[in-house]
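Chain by chain, the residues run as shown.
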Amino acid sequence: MNELVFLQNDQPLTTSLKVAEVFEREHKNVVRDIENLIADCEKMASESESSKVSPREMFQKSSYKVEGNFKEYPMYLINRDGFTLLAMGFTGKKALQFKLKYIQAFNAMEQDLIKIATEHKILRDSTKKGYRKLTDSIKANVIPVARANGSKTEERFFYINAANALNSAVGCKPYSRDDLSVTQLNMLDQLQDIAAFEYKQAVKMFHNTKQINSYVKDKLAACSQVLSVAQRLALN
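Since we're looking at a predicted model, the values are computed, not measured.

Draft legend 1. Quick look at the overall build of the chain. Within the chain, the regular secondary structure consists of eight helices and four strands. Traced from its N-terminal end to its C-terminal end, the chain shows the element sequence β-β-α-α-α-β-β-α-α-α-α-α. Scaling as 2.2 N^0.38, a compact globule of 236 residues should have a C-alpha radius of gyration of about 18 Å, whereas the chain reaches 27 Å, well beyond that. Dimensions of the chain along its principal axes, counting C-alpha atoms only, are 80 × 45 × 35 Å. Out of the 236 residues in the chain, the part that is buried amounts to 38%. Accessible surface, the chain: about 14900 Å² in total, of which carbon and sulfur atoms supply 52%. Side chains of the chain give 34 positive and 28 negative charges; the mean places of these two sets differ by 6 Å.

Draft legend 2. Focus on the side chain of asparagine 79. As for its placement among the helices and strands, asparagine 79 is situated in the loop between β4 (72-78) and α4 (80-87). At a separation of 3.3 Å, a polar atom in the side chain of asparagine 79 contacts the main-chain carbonyl oxygen of glutamate 57. Looking at asparagine 79, its side chain comes within polar contact range of the main-chain nitrogen of glycine 82, at 2.8 Å. Not counting residues within four places of it along the chain, the set of residues in contact with asparagine 79 comprises Gln11, Pro12, Leu13, Glu57, Met58 and Phe106.

Draft legend 3. Spatial organisation of the side chain of arginine 124. By the secondary structure assignment, arginine 124 is in helix α5 (residues 93-148). For arginine 124, a relative accessible area of 15% corresponds to the buried category. If sequence neighbours within four positions are ignored, arginine 124 has contacts with Arg177, Asp178 and Leu185.

Draft legend 4. Just unusual backbone geometry, in detail. Not every positive phi belongs to a glycine, and glutamate 24 is a case in point at roughly 55°. Counting through the fold element by element, glutamate 24 comes out in the loop between α1 (16-22) and α2 (27-47).

Draft legend 5. Geometry of the nonpolar core. Ranked by size, the top nonpolar core spans 31 residues in total, and within it Leu134, Ile138, Leu191, Tyr199 and Leu220 carry the most contacts. Put simply, the parts of the chain that give this core at least two residues each are α5, α6 (155-170), α7 (182-205) and α8 (209-235). In terms of residues, this core owes the most to one element, α7, which gives ten residues. Apart from residues no more than four positions distant in its own chain, tyrosine 199 is found in contact with Leu134, Ser137, Ile138, Asn141, Val142, Ala162, Ile212, Asn213 and Val216. Among the nonpolar cores identified, the runner-up in size contains 26 residues, and Val19, Met58, Phe59 and Met109 belong to it.

Draft legend 6. Just the state of the cysteines, in detail. Scanning the model with the defined rule gives zero disulfides in all. Of all cysteine sulfurs, the one in cysteine 172 lies closest to cysteine 223, which takes part in no disulfide; the gap is 18 Å.

Draft legend 7. Examining the packing of aromatic side chains more closely. All told, the structure shown has nine aromatic pairs when counted by the stated rule. Ring geometry for phenylalanine 23 and phenylalanine 98: centres 5.6 Å apart, planes at 85°, overall edge-to-face. Note that phenylalanine 23 is positioned in the loop between α1 and α2 and phenylalanine 98 in helix α5, a separation of 75 residues in sequence. A relative accessible area of 12% means that phenylalanine 98 is categorised as buried.

Draft legend 8. Structural context of the environment of methionine 88. Structurally, methionine 88 can be placed in the loop between α4 and α5. Linking methionine 88 and isoleucine 114, residues 26 residues apart in sequence, is a C-alpha distance of 27 Å.

Draft legend 9. Region of interest: α4. Of the residues making up α4, those classed as buried are Gly82, Phe83, Leu86 and Ala87. The buried residues of α4 occupy an angular sector of 120° when the element is viewed end-on, so they sit on one face. Elements that come into contact with the buried residues of α4 comprise α1, α2, α3 (55-58), β3 (59-65), β4 and α5. Between the side-chain oxygen of the N-cap and the backbone nitrogen of aspartate 81 there are 3.1 Å, and the N-cap of α4 in question is asparagine 79.

Draft legend 10. Spatial organisation of the packing of α5 against α6. Across the interface, α5 lies against α6 with an axial gap of 10 Å and an inter-helix angle of 125°. If you check the angle between α5 and α6, you find them oblique. Taken as a pair, α5 and α6 cross one another with a handedness that is right-handed. Contacts from Tyr131, Leu134, Thr135, Ile138, Lys139, Val142, Ile143, Ala146 and Arg147 of α5 reach α6 at Glu155, Phe158, Tyr159, Ala162, Ala163 and Leu166. Taken together, the residues of the contact of α5 with α6 sort by class into eleven nonpolar, one polar and three charged.

Reading guide: rules and limits
- Residues numbered from 1 in each chain as written.
- Predicted model: local features only at pLDDT ≥ 70, side-chain atom pairs only at ≥ 80, totals over all residues.
- Heavy atoms only, no water.
- Helix = DSSP H or I, 4+ residues; strand = E, 2+ residues; numbered from the N terminus.
- Rg over C-alpha atoms; globule rule 2.2 N^0.38 Å.
- Buried < 20%, exposed > 50% of the residue type's maximum accessible area, 1.4 Å probe, protein only.
- Areas by Shrake-Rupley, 256 points an atom, 1.4 Å probe, with all protein chains shown as cover.
- Lys, Arg positive; Asp, Glu negative; His and termini not counted.
- Charge placed at Lys NZ, Arg CZ, Asp CG, Glu CD.
- Polar contact = N/O pair within 3.5 Å; in protein donor to acceptor, adjacent residues only side chain to side chain.
- Contact = heavy atoms within 4.5 Å.
- Core = buried A, V, L, I, M, F, W, Y, C linked by side-chain atoms within 4.5 Å.
- Disulfide = S-S within 2.5 Å.
- Phe/Tyr/Trp six-rings, centres within 6.5 Å; stacked < 30°, edge-to-face > 60°.
- Arc of directions from axis to C-beta.
- Axes fitted to C-alpha atoms, helices over the stretch in contact; angles between N-to-C directions.
- Parallel < 35°, antiparallel > 145°, perpendicular 65-115°, else oblique.
- Left-handed = near helix turned anticlockwise from the far one by under 90°.
- Nonpolar A, V, L, I, M, F, W, Y, C, P; charged D, E, K, R; others polar.

Structure below.
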């Protein structure tokens, strides 16, 4: 009864295979029931403009392979609403017990998603504050060195350079920090503090921005490796 529900693209799902196994039904019959439901829902939607039923969202066509066989067989990925609709046709005391277990599994997965989303928001807000701390450090330490050397580079490019170094260290594409995982955001939060400190140290050792930026980038790369190892050890 483990793994009744799994997570895919931040959505709790089950499969027609698992439903067939748990409710002790032939998989082909479960697929048949799903396809009948899809047809009925689509017919209802065509007859009523007010119908908001989206059967293709509730039941997503997929496939699976049997070990030792290269042939693909049809199955469906099923979200919570799809399962509720499908399970209406399953009756009996044993079926009721399985329905309750499924409901509990979906609830638990959704609670985990809420927890992750809350943690993600807290960390994302923290990284935004950390980025302001970093830009303050660059403005106070790096830009004066650049101006003293006659550089007329716009101030924003110094911040972009730092952001690119951080993105590289955490494996983030430009302008996609909202999509980072909680683990990546946690690393980014720590690396921004490290970068703010290292810029202060770099200006004591170097007198041109190219050397300063190279020094900080190397420090961030090294620290990201250490943090990655620490995070993996913490998970084990």
